[in-house]
Amino acid sequence: MTRPRLIPVLLLKHGVIVRSQLFKVHQVIGNPMSTVQRLSNWNVDELILLDISKNDFHDLRRDDLQQRYQGTSALDVLREVAKVCFMPLTFGGRVRTLEDIRSRLEAGADKVVINTAALDKPAFVREASARFGAQCIVVSIDAVHRLAGCYEVMAEDGQRATGLKPQEWARQVQDLGAGEIFLNSVDRDGSAKGFDLELVRRVAAAVRIPVIACGGVGKYADFAPGILQGGAAAVAAANIFHFFESSYPLAKEACIEAGVPMRPVKLDSRWQRREPEYDDAFENRRIEDRLRRAREHDYVAGQPRAVKQRIRWCTRCLYPSISAAPTEFDEAGVCMGCRMAEVKTAITPSEWKRRRELLREILERYRCRDGSRHDCVIAVSGGKDSWFQTHVIKHEFGLNPLLVTYDGNNWTPPGWRNMIRMREVFGCDHVVCRPSVEVLKKLNRLAFIVMGDMNWHAHVGITTAPVRVAAEHRIPLVIWGEHGYLDLCGQFSMDDFPEMSYRDRLEHFARGYEWNYFVGKEGLTSQDMIWWKYPSDRELFDLDIRGIYLGNYVYWEANEHGKMVVDKYGFEVSDIAFERTYRRMSNLDDMHENGVHDYLKYIKFGYGRCTDHVCKDIRAGLMTRAEGLALVRRMDPVKSSDLNRWLDYVGMTEEEFDSIADTFRDPRVWRMEQARWTKDEPEACTSYKQSDAMVKQR
């Protein structure tokens, strides 16, 4: 029996995985290796990886990640992906010759996708099938809907009309020797409207070979009709698998419950651990090499380079192309962070009302009915966002939440007082997870040396402790504040409603360094790392644990709700100005977040939190680009005084700190000129200057 398959599709664009809409809008999801590895954890039936780059140049855009590929070609990416891919892998993109097919199969692909090359030269399909076998030749058909119920095949990423009907072209490539058809609806791409079932029916009915339906899935229930009503042999989607925890197992479960005889869901394989397995000898050599380079002042960014890469900045705000939070730019040079801010601004009051009702439905679904547990967990740091979250959930929706805080031992005095007062101000139970200070010091020191970020413990602790407590108390719903990457760099659309996930935590918060990476270093044990251990996939799936972001459902403007919690509840802001940003309400829970931790971001990428804050305020109409640039030039380079506390805390000299930090300077950003570090800067005048007059009255 050949079972119907459920197939994730990953879109690779210039080195990173992207989300797509209408074949035009692309938003960076992240690292291809960690994304594929997560799909392997879920025992996925099959995977399609499509390279949609305009040219064969790939770059992860940052060098402090644990998982990286060497080289800049699609084949370099494919070879590295194949190492963590434990499912059949189909690869497409710029396949034009038999040599292209051979090289991709040798690099790790099991099948190869042909699209425009088949349209330009149909005989190529026959030659490829004869040479490599029909089983590894997949012809991709991109179709658009025309008037009067007709469809047309498109070439070159949906840009060139061909005059062909999809069902006729499908029949032709079948006769030429294709083993499978990958059918994509251009109109439905990223639309979340479900498959174009009429298109699927026409093509599936026209051929004997398997048809994979793709394009339009917005919810798990959209998959099954592609098989049961459309007649496809497999159903595929891209975006939805990036949005939610356990997305693949839940999608498959929905298909099986709908009557599709797919392979059962399998999780927590004893043969393949979810947590990465590190080559300790190799990783120790990497650390030794970094320390050597620091001692010898042998910096990658200081080496002469034949080809200089140029950084781009958004023409509207000041966000750079090399950044901690990855972004894409559209044809007008505007970053996705600005574009998503436009989308958010355009949300009408009636739409916000609808979103609040969606939130109410979720809260009611998970509300405790028998008094055996709290209604939900709220992850709180004690900051203004935490107070706003708790205000909304407790007082506007009437739930009884359990507050959970990770204590990273870096409090500012007002930050500590704000966190402690939450239990009394809101009348909630509050769990504070407090790791050993000795362990925290070791993690500070190690993470700084390994990844140039002493706050690994905080990023991962904050994203782990609330989920651990939720699993222990069998509370399925965790409330987070705003999706940081959606807000800052436009990683998702506001209509995606992305939720917290293990992949997000491991790749973006941990940079690929899971808790077990540190075991054995400086005497750390597995027991020392309990607070950073995430619940298993089986626990997440069985308890249906979800982590939703309040910012997707409730109007969210940090300046406005910051003022509200000050006025209404007496939230304390800092009475001392920060050295690296002009805002006084942010990151009071960690003195280094606005200080030396942020200074390291400047060392790595050439910008800091002041840039983050001015970008948000430019988008909110609170500041002009010129005003923002003046602040950035003044504040981003500051080496803040909290460095002294951190050096005493971990036992390191400032000279050691500087020399290690300089090994992390990104060569795309920094260069050495006349024995001084230098970099390019954004220009003051841009096309957006004319819009400065639109700035709101302050």
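First, a word on what this report is: a plain description of the structure on this page. Computed from a predicted model, the values in this text were never measured in an experiment. (Residues numbered from 1 in each chain as written. Predicted model: local features only at pLDDT ≥ 70, side-chain atom pairs only at ≥ 80, totals over all residues. Heavy atoms only, no water.)

### Some words on the overall build of the chain
Stage number 1. In terms of helices and strands, the chain carries 26 helices and 19 strands.
Stage number 2. Compactness check: the chain gives a C-alpha radius of gyration of 26 Å against a globular reference of 26 Å for 698 residues, within 12% of the reference.
Stage number 3. C-alpha extents for the chain along the principal axes are approximately 75 × 70 × 60 Å.
Stage number 4. The buried share of the chain, reckoned over its 698 residues, is 62%.
Stage number 5. In the chain, once contacts between residues fewer than 6 apart in sequence are set aside, the share between residues at least 24 apart is 73%.
Stage number 6. Split by element, the accessible area of the chain, about 28,000 Å² in all, is 50% carbon and sulfur.
Stage number 7. Across the chain, the 99 positively charged side chains and the 99 negatively charged ones have centroids separated by 2 Å. (Helix = DSSP H or I, 4+ residues; strand = E, 2+ residues; numbered from the N terminus. Rg over C-alpha atoms; globule rule 2.2 N^0.38 Å. Buried < 20%, exposed > 50% of the residue type's maximum accessible area, 1.4 Å probe, protein only. Contact = heavy atoms within 4.5 Å. Areas by Shrake-Rupley, 256 points an atom, 1.4 Å probe, with all protein chains shown as cover. Lys, Arg positive; Asp, Glu negative; His and termini not counted. Charge placed at Lys NZ, Arg CZ, Asp CG, Glu CD.)

### Concerning empty space enclosed by the protein
Stage number 1. Evaluated as defined, the whole model comprises 8 cavities of 30 Å³ or more.
Stage number 2. Along its surface, the second largest cavity is lined by 16 residues, and L60, R62, L65, P326 and E507 are the ones closest to its centre.
Stage number 3. Listed by contribution, the elements that provide at least two residues to the lining of the second largest cavity are β3 (25-30) and α19 (502-509).
Stage number 4. Its residues assigned to classes, the lining of the second largest cavity comprises 7 nonpolar, 6 polar and 3 charged. (1 Å grid on protein atoms, 1.4 Å probe; cavity = no way out; pocket = protein on both sides within 12 Å on 5 of 7 lines; lining within 4 Å. Points joined across faces, edges and corners; volume = space filled by probe spheres on them. Nonpolar A, V, L, I, M, F, W, Y, C, P; charged D, E, K, R; others polar.)

### Considering the pairing of strand β11 (residues 211-214)
Stage number 1. Here β11 shows a buried face lined by V211 and A213 and a second buried face lined by I212 and C214.
Stage number 2. Direction of pairing for strand β10 (residues 180-185) relative to β11: parallel, over a ladder of 4 bridges. Residue pairing across strands places L183 opposite A213, the latter belonging to β11.
Stage number 3. Handedness of the crossover joining β10 and β11 through helix α7 (residues 197-206) is recorded here as right-handed.
Stage number 4. Note that β11 and strand β12 (residues 234-237) share 3 bridges and pair parallel. In the sheet register, C214 faces β12, and the bridge partner there is A236. (Pairing = 2+ DSSP bridges. Right-handed = clockwise from strand over helix to strand, strands pointing away.)

### Things to note about unusual backbone geometry
Stage number 1. One non-glycine residue with positive phi stands out, namely R61, at about 70°.
Stage number 2. On the basis of relative accessibility, which here comes to 14%, the residue R61 falls in the buried class.

### Overview of the packing of aromatic side chains
Stage number 1. All told, the structure shown has 28 aromatic pairs when counted by the stated rule.
Stage number 2. Both rings, one in F388 and one in W556, keep their centres 5.2 Å apart while their planes meet at 80°; by these two values the pair is edge-to-face. Here F388, found in helix α14 (residues 384-396), pairs with W556, found in the loop between β17 (546-549) and α21 (558-569); they are 168 residues apart in sequence, far enough to count as distant. Each member of the pair, F388 as well as W556, carries the same accessibility label: buried.
Stage number 3. Measuring from centroid to centroid gives 6.2 Å for Y406 and W532, while their planes differ by 70°, and the two rings are edge-to-face. Of this pair, Y406 sits in strand β14 (residues 401-406) while W532 sits in the loop between α19 and α20 (537-542), placing them 126 residues apart in sequence.
Stage number 4. Taken together, the aromatic side chains of Y278, Y406, W456, Y513, Y517, F518 and W532 make up a single cluster linked through ring pairs. (Phe/Tyr/Trp six-rings, centres within 6.5 Å; stacked < 30°, edge-to-face > 60°.)

### Here's the deal with the sheet that holds strand β16 (residues 477-480)
Stage number 1. The strand order across the open sheet built from 5 strands is β15-β14-β13-β16-β17, with neighbouring strands paired in parallel fashion. A single partner strand is all that each edge strand has here, and the edge strands are β15 (429-433) and β17. Here the average twist between neighbouring strands, direction ignored, is 25°.
Stage number 2. The pairing of β16 with β17 spans 4 bridges and is parallel. Bridging from a neighbouring strand, L477 pairs with R546 of β17.
Stage number 3. Against the sheet, helix α15 (residues 413-426) touches β14 and β15, its axis set at about 150° to β15. (Axes fitted to C-alpha atoms, helices over the stretch in contact; angles between N-to-C directions.)

### Focus: the pattern of salt bridges
Stage number 1. Using the criterion set out here, one finds 73 salt bridges in the structure.
Stage number 2. Close ionic contact of R79 with D76 constitutes a salt bridge, the shortest N to O distance being 3.2 Å. With a gap of 3 residues between them, R79 and D76 both fall in helix α2 (residues 74-83), about one helical turn apart.
Stage number 3. The shortest N-O distance in the salt bridge between D120 and R160 comes to 2.9 Å. Of this pair, D120 sits in helix α4 (residues 116-120) while R160 sits in strand β9 (residues 160-161), and the two are 40 residues apart along the sequence.
Stage number 4. The class for R160 is partly exposed, based on a relative accessible area of 29%.
Stage number 5. Here the salt bridges do not stand alone but share partners, grouping R38, E245, R274, E275 and D537 into one network. (Salt bridge = Lys/Arg side-chain N within 4 Å of Asp/Glu carboxyl O.)

### A look at the nonpolar core
Stage number 1. Judged by nonpolar contacts, the single largest core of 106 residues is most densely connected at V9, I101, I114, I181, F182, F223 and I240.
Stage number 2. The contacts of F182, once residues within four sequence positions are left out, are V9, I48, L50, V138, V139, S140, I141, I212, C214 and A236.
Stage number 3. Ranked by size, the runner-up nonpolar core spans 90 residues in total, among them L318, L506, Y517 and W670. (Core = buried A, V, L, I, M, F, W, Y, C linked by side-chain atoms within 4.5 Å.)

### Considerations on the environment of E364
Stage number 1. Looking at where E364 falls in the secondary structure, it is placed in helix α13 (residues 349-366).
Stage number 2. Considered as a pair, E364 and D375 are 11 residues apart in the sequence and their alpha carbons are 9.0 Å apart.

### Side note on the pairing of strand β5 (residues 89-92)
Stage number 1. Residue alternation in β5 divides its side chains into two sets, L89 and F91 and T90 and G92, and both sets are buried.
Stage number 2. In terms of strand pairing, strand β4 (residues 47-51) meets β5 through 4 bridges, oriented parallel. Bridged to L47 within β5 is L89.
Stage number 3. Of the crossover connections in this fold, the one passing from β4 over α2 to the parallel β5 is right-handed.
Stage number 4. In this structure, β5 lies alongside strand β6 (residues 111-114), joined through 3 bridges in parallel fashion. The residue bridging G92 from the neighbouring strand is V113, located in β6.
Stage number 5. A crossover links β5 with its parallel partner β6, the connecting element being helix α3 (residues 98-106), and its sense is right-handed.

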